[in-house]
Amino acid sequence: MAQISQSMIPTLVNTLAVLIGSAIGLTFHGKLAPRFRSILFQAIGLTTIVIGLRDALKTEDIPLLALGMIAGGLLGEALNIEAGMESLGGFLKRLLRQEKESQFIDGYVFASVLFCVGAMTVVGTFRAGAEGNGDIIYTKSLLDGHAALFLAGAMGAGVMASALTILVFQGALTLIFMQLGAALPEYVITEAAAAGGLLIFGISINMLELGKIRLGNLFPAIFLAPFFVWLKHLFL
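Read on for a plain summary of the structure. The shown structure was predicted, so the numbers you read here are calculated from the model rather than taken from an experiment.

A look at helix α2 (residues 34-56)
Stage number 1. Here α2 is 23 residues long and its end C-alpha atoms lie 32 Å apart, about the 33 Å a rise of 1.5 Å per residue gives.
Stage number 2. Among the residues of α2, L40, F41, I44, G45, T48, G52, D55 and A56 are the ones counted as buried.
Stage number 3. Considering only its buried residues, α2 is in contact with α3 (62-79), α5 (104-116), α6 (119-131), α7 (135-155) and α9 (186-207).

Okay, here's the thing in structure tokens:
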């Protein structure tokens, strides 16, 4: 029990950082002129491209990464994960009495994906769960807190609600890695992080309004891509 508590502290800190950053950002939400809000979106979107590509390019097996993205997308589409996230966002919107907040659900989905996928989430929860080392998640907390500030300023209270997703998803990964982490090869962690990087890149496409990618439905890819690579190393 003490080990679980110790391993979960980094995720709790990450959750708190997003709550604090969002709370600060909300103080100027709605006060920005449209042109300032637009340039803020573009700045965050362009930065997100760099983060996503940095993580995605760490892959060591592009064909299997592609297979994982395809299979993950098909599974996510069948399960309609995006709709589930939007429904949860709608529930939180009503619970928090944010009916007048038009961007609540978009902010919730965007922030949830941004904060819960990518190399720092995967590697950080692995280190915290398997090794009891929370340094990466603490660094991520600092970055997420700053990002939440600007996102909340642009997109509203939905960004703050994403703290719940961080607590549940990142906490679950930490607990999983506590049980399996020591047995997982490093290449499995690498490919999971690479798939997460592609999802982060997808966030930038949505933010820059270059298209509409159903990021929630691609979520299973961060599990399937490393699974396919593990199978390859197991049988070949």
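Describing unusual backbone geometry
Stage number 1. Even without being a glycine, N80 presents a positive backbone phi close to 55°.
Stage number 2. Following the sequence through the fold, N80 ends up in the loop between α3 and α4 (81-95).
Stage number 3. Of note in the backbone geometry, E209 takes a positive phi value of approximately 60° without being a glycine.
Stage number 4. Assignment of secondary structure puts E209 in the loop between α9 and α10 (221-235).
Stage number 5. Judged by its relative accessible area of 71%, E209 is exposed.

Quick look at the side chain of E82
Stage number 1. Within the fold, E82 resides in helix α4.
Stage number 2. Buried and unpaired, E82 has K212 as its nearest opposite-charge partner, separated by 4.1 Å.
Stage number 3. E82 has contacts with V109, K212, R214, L215, G216 and N217, leaving out every residue within four places of it along the chain.

Quick look at empty space enclosed by the protein
Stage number 1. Considering all chains together, one arrives at 1 cavity of 30 Å³ or more under this definition.
Stage number 2. Every residue along the wall of the largest cavity is listed here: E82, E86, I105, D106, V109, F110, N206, K212, I213 and L215.
Stage number 3. Examining the composition of the lining of the largest cavity, we find that 4 residues originate from one element, α5, more than from any other.
Stage number 4. Here the lining of the largest cavity is composed, by residue class, of 5 nonpolar, 1 polar and 4 charged.

What to know about the pattern of salt bridges
Stage number 1. Throughout the structure, instances matching the rule amount to 5 salt bridges.
Stage number 2. For D61, the salt bridge is made with K232, and the minimal N-O distance between the two is 2.6 Å. On the criterion of sequence distance, the pair formed by D61 in the loop between α2 and α3 and K232 in helix α10 is long-range, its members being 171 residues apart.
Stage number 3. Notably, a salt bridge pairs E131 with R127, separated by 3.0 Å at the nearest N-O pair. Highlighted residues: E131 and R127, both in helix α6, separated by 4 residues, approximately one helical turn.

Analysis parameters
- Residues numbered from 1 in each chain as written.
- Predicted model: local features only at pLDDT ≥ 70, side-chain atom pairs only at ≥ 80, totals over all residues.
- Heavy atoms only, no water.
- Helix = DSSP H or I, 4+ residues; strand = E, 2+ residues; numbered from the N terminus.
- Expected span 1.5 Å × (residues − 1).
- Buried < 20%, exposed > 50% of the residue type's maximum accessible area, 1.4 Å probe, protein only.
- Contact = heavy atoms within 4.5 Å.
- Lys, Arg positive; Asp, Glu negative; His and termini not counted.
- Salt bridge = Lys/Arg side-chain N within 4 Å of Asp/Glu carboxyl O.
- 1 Å grid on protein atoms, 1.4 Å probe; cavity = no way out; pocket = protein on both sides within 12 Å on 5 of 7 lines; lining within 4 Å.
- Points joined across faces, edges and corners; volume = space filled by probe spheres on them.
- Nonpolar A, V, L, I, M, F, W, Y, C, P; charged D, E, K, R; others polar.

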